[in-house]
Amino acid sequence: MRFLMLIFKNILRRKTRSAFTVLGISIGIATIIALGALMNGMTASMEDILKSGEADFSIAQSGIADLSFSRIEENITGEIQNLNGVKKVAGVLIGIYPIGSNPYVMIWGVKSEDLQMLGVNVLNGSAFASEHELILGEAISKDLGKTVGNKLVLREEEFNITGIYQTGAIYQDRGLAMSLDKLQELEKKEGYVTVIYVELEEGTSLETVCGQIEEGFPDLVTIKSASELGKVDQGLEIMDAVSLAVSILAIFIGGIGVTNTMMMSIFERTREIGVLRAVGWKKRRVMTMILRESILLCVFSVLIGSLLGVIGVRLLMLEPTIRGILEPLFTIETFARAFAVAFAVGLVGGLYPAYRASKLSPSVALRYE
Amino acid sequence: MQRLIIETRDLVKTFEGGLVRALNGVSLEVLEGQFVAIMGPSGCGKSTLLYILGGLDEPTSGEVTVDGIDLCSARNLDAFRVRKVGFVFQMHNLIPVLTACENVQIPMMELKLSNTERSEKAANLLTMVGLKERLDFVPTKLSGGERQRVAIARALANDPKILLADEPTGNLDSASGQEIIQTFRKLNKEGRTIVLVTHDKNMAEQAGIIYHMKDGKIQGEI
């Protein structure tokens, strides 16, 4: 018999108690997995928005809590275009409208000549040519059951659908694009854009151009990578903080649960621990046994919790409103984080019971009734 | 000439800050290969003496030497228990979720043996105590006598020179008790030193030497 087998059998002695302990920790792990996947999805979507197509970086208003609040004067695009090393610039106004069952459809106001730079690939039909024309993302086209030649009403105005496009990014493909001027009129934001996308000449230093922009336009901020998304979306930072808080809570609550379970187990097995010490087991081996039992409980928890987390997120995605704005992204890092949390729970929760068990005097333990 | 394997001098053991005096100056000598029974009423200090001889407890004062090791100054009593002594308790104290064979392997985990070696050794020991057909039985599937024989096999796992038995037949019917005592006699004939604590006169009579204990003192040989 291997030592691990003994540990495994010890856990299975009180199946119901072990199962409830595992379930308790699993719920914490599932929450970490679900929050992590949703946050990864949101980060990826934001990154898609801010690094569309051939753009090397994007510009938004500085000091905003959410990208949708960004407001940049459109004529700044011309000034940025004139900077050394800048190949192309596109100003985009972003609006959010309720369409069909999705209350958060993203509408892009963009000049049709900028569509290619933004990675918009028209699959069917053609780009919009007038103010009352628009193109639909592939996903929203399927959701709404509308295609080229159909009409769509926005703010009581009728628009002709001239094309279906694909970008590969969830927000864009579940949204639609129309002329910049028309969206500025609908949004009452004439002369303003939300984001400016910038494509650089080959060999141009990204850092140099971004530095020039942030120096020359103190009200603007440049976003070069996902790590800088917090500059324009504090929601992601809040989600990250919430995820961390949940992890800490999971360690704390799970740890108490594990401690309780292991302490009960030790009280029940006091005489047995006395026998183990009597036959020569070292204190360290008793401690290792209890700690490993505790960690093994948490390993089971991370397996079940991960499964619950994935199932939970998939169920969440059945809701059209959520599906319209979120695409969960399960990464190795998310599962690694959950595993690290579970391991910490097992270690922290098992440490005190293991110490207590190892400190039991064999003669006292053998007399324990 | 047989050598002295257990020797105690004026052993005193008190509990609760000296209020309870379990041992009150016990001096005992056991030669290698002897089968010694210590008899006495409940609470006379028999088990306390056995625990001290087995390195499970320390005396308040006095000296105790087992197989050349001074237990009062020994730093590693775990190693002493692994190699030198085997315990058999009144309650079998087997781990309920493990099979007979697995229970016997428990003490071997402190030795550098492979899984196969442990398993083979445990099977041999169980065969020796007459449980060849019960290797994979968990304790609940064994009779009281069989469980105690598994406990004896466990005590022999690391081939100790000395067996310490604390009321090993206390929870058994007379037939099972006889089986256990015959097992002890057989082990003694093979050369093992046995110290048996009991209040059962019939069982004590199976030993070569019987000491009577009362009020924490050995009153003399019967």
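Worth saying up front: this structure is predicted, and the values here are computed from it rather than measured. (Residues numbered from 1 in each chain as written. Chains lettered and ligands numbered in written order. Predicted model: local features only at pLDDT ≥ 70, side-chain atom pairs only at ≥ 80, totals over all residues.)

A. Structural view of the overall build of chain B. The number of helices and strands found in chain B is seven helices and 10 strands. Rg of the C-alpha trace for chain B: 17 Å, near the compact-globule value of 17 Å for 222 residues, within the 12% margin. For chain B, the proportion of its 222 residues judged to be buried stands at 50%. A separation threshold of at least 6 residues defines the contact pool for chain B, and within that pool the share at least 24 residues apart is 70%. (Helix = DSSP H or I, 4+ residues; strand = E, 2+ residues; numbered from the N terminus. Rg over C-alpha atoms; globule rule 2.2 N^0.38 Å. Buried ≥ 20, exposed ≤ 12 C-beta atoms within 10 Å, placed from the backbone. Contact = placed C-beta atoms within 7 Å.)

B. A look at the domain arrangement of chain A. All names here are of chain A. When cut into domains, chain A gives domain 1 (3-45 + 236-367) and domain 2 (57-223). Each of domain 1 and domain 2 was reduced to a C-alpha centroid, and the two centroids are 46 Å apart. The greatest single-element share of the side of domain 1 that touches domain 2, amounting to four residues, is contributed by helix 11 (residues 320-325). Within the side of domain 1 that touches domain 2, the residues separate by chemical class into two nonpolar, three polar and one charged. (Domains from an automatic or database assignment. Nonpolar A, V, L, I, M, F, W, Y, C, P; charged D, E, K, R; others polar.)

C. How the structure looks around the interface of chain A and chain B. Every contact between the two is made by 19 residues of chain A and, on the other side, 20 residues of chain B. Among the elements of the structure, helix 1 (3-11), helix 9 (270-278) and helix 13 (362-367) of chain A are those that each provide at least two residues to the side of chain A that touches chain B. Ranked by residues supplied to the side of chain A that touches chain B, first place goes to helix 9 of chain A with five residues. A class-by-class count of the residues in the side of chain A that touches chain B yields nine nonpolar, three polar and seven charged.

D. The arrangement of the confidence of the model for chain B in detail. Mean pLDDT over chain B works out to 90, with 100% of the residues at or above the 70 mark. Confidence metrics for the complex model read pTM 0.78 and ipTM 0.89. (pLDDT = per-residue confidence, 0-100.)

E. Expanded view of helix 1 (residues 46-53) of chain B. Residues and elements named next belong to chain B. Among the eight residues of helix 1, eight are classified as buried, and the element is accordingly described as predominantly covered. Those residues of helix 1 that fall on the buried side of the exposure criterion are Lys-46, Ser-47, Thr-48, Leu-49, Leu-50, Tyr-51, Ile-52 and Leu-53. Gly-55 occupies a position one or two residues after helix 1 and carries a positive phi of about 75 degrees.

F. Local environment of the environment of Leu-118 of chain A. Residues and elements named next belong to chain A. Along the chain, Leu-118 turns up in the loop between strand 4 (102-109) and strand 5 (121-125). Taking the C-beta count within 10 Å as the criterion, Leu-118 has 22 such neighbours and is therefore assigned buried. When neighbours within four sequence positions are excluded, Leu-118 is seen to be in contact with Ser-52, Gly-53, Ala-90, Val-110 and Tyr-197.

G. A look at unusual backbone geometry. Residue and element names in this part refer to chain A. One non-glycine residue, Arg-155, lies in positive phi territory at about 45 degrees. Secondary-structure assignment places Arg-155 in the loop between strand 7 (151-154) and strand 8 (157-166). Phi at Glu-156 takes a positive value of approximately 65 degrees, unusual for a residue other than glycine. Note that Glu-156 resides in the loop between strand 7 and strand 8. What makes Glu-156 exposed here is the crowd of 5 C-beta atoms within 10 Å.

H. Focus on the environment of Asn-40 of chain A. Residue and element names in this part refer to chain A. Relative to the helices and strands, Asn-40 is located in helix 2 (residues 15-50). Residue classification places Asn-40 among the partly exposed residues on the basis of 17 C-beta atoms within 10 Å. For the pair Asn-40 and Thr-334, spaced 294 residues apart in sequence, the C-alpha to C-alpha distance is 8.7 Å. For Asn-40, the residues in contact, after removing those within four places along its chain, are Leu-329, Thr-331 and Thr-334.

I. Quick peek at the sheet that holds strand 4 (residues 61-66) of chain B. Residue and element names in this part refer to chain B. A sheet is described by the order of its strands in space; here four strands give the open sequence 2-1-4-5, paired in antiparallel fashion. Either end of the sheet is taken by a strand with one partner, and the two such strands are strand 2 (20-31) and strand 5 (69-70). Pairing of strand 1 (residues 4-15) with strand 4 involves five bridges; the strand directions are antiparallel. From the neighbouring strand, Val-12 faces strand 4, where its bridge partner is Ser-61. (Pairing = 2+ DSSP bridges.)

J. The environment of Leu-83 of chain A, seen in detail. All names here are of chain A. With respect to the element layout, Leu-83 can be found in the loop between helix 3 (76-81) and strand 3 (86-99). For Leu-83, a count of 16 C-beta atoms within 10 Å corresponds to the partly exposed category. Along the primary structure Leu-83 and Gly-100 are separated by 17 residues, whereas in three dimensions their C-alpha atoms are 42 Å apart. Contact partners of Leu-83, with chain neighbours within four places excluded, come to Val-209 and Gln-212.

K. Inspection of the sheet that holds strand 6 (residues 85-88) of chain B at higher detail. All names here are of chain B. Read across the sheet, six strands follow the order 6-7-8-3-9-10 without closing on themselves; strand pairing throughout is mixed. Whereas interior strands pair on both sides, the edge strands pair on one side only; in this sheet they are strand 6 and strand 10 (217-221). On average, adjacent strands in this sheet sit at an angle of 20 degrees to one another, irrespective of strand direction. Summarising the sheet, strand 9 (residues 209-214) and strand 10 pair through four bridges and their orientation is antiparallel. Pairing of Lys-214 across the sheet is with Lys-217, part of strand 10. In this fold helix 5 (residues 144-155) packs onto strand 6 and strand 7 (162-166), with an angle of close to 165 degrees to the strand it touches most, strand 6. (Axes fitted to C-alpha atoms, helices over the stretch in contact; angles between N-to-C directions.)

L. Representation of the packing of helix 5 of chain B against helix 6 (residues 174-189) of chain B within the structure. Residues and elements named next belong to chain B. At a minimum axis separation of 9 Å, helix 5 and helix 6 run at an interaxial angle of 20 degrees. Of the possible angle classes, the one that applies to helix 5 and helix 6 is roughly parallel. In terms of crossing hand, the pair formed by helix 5 and helix 6 is right-handed. Facing helix 5, whose interface residues are Gly-144, Gly-145, Gln-148, Arg-149 and Ile-152, helix 6 presents Ser-176, Glu-179, Ile-180 and Thr-183. Residue classes in the contact of helix 5 with helix 6 are distributed as two nonpolar, five polar and two charged. (Parallel < 35°, antiparallel > 145°, perpendicular 65-115°, else oblique. Left-handed = near helix turned anticlockwise from the far one by under 90°.)

M. Summary view of the pairing of strand 8 (residues 193-198) of chain B. Residue and element names in this part refer to chain B. Of all six residues in strand 8, six are buried, a share of seventy percent or more. Across the two faces of strand 8 the burial is the same, with Thr-193, Val-195 and Val-197 and Ile-194, Leu-196 and Thr-198 all buried. Taken together, the five bridges between strand 7 and strand 8 define a ladder with parallel strand orientation. By the bridge assignment, Ile-162 is partnered in strand 8 with Thr-193. Note that the unit made of strand 7, helix 6 and strand 8 has a crossover that is right-handed. (Right-handed = clockwise from strand over helix to strand, strands pointing away.)

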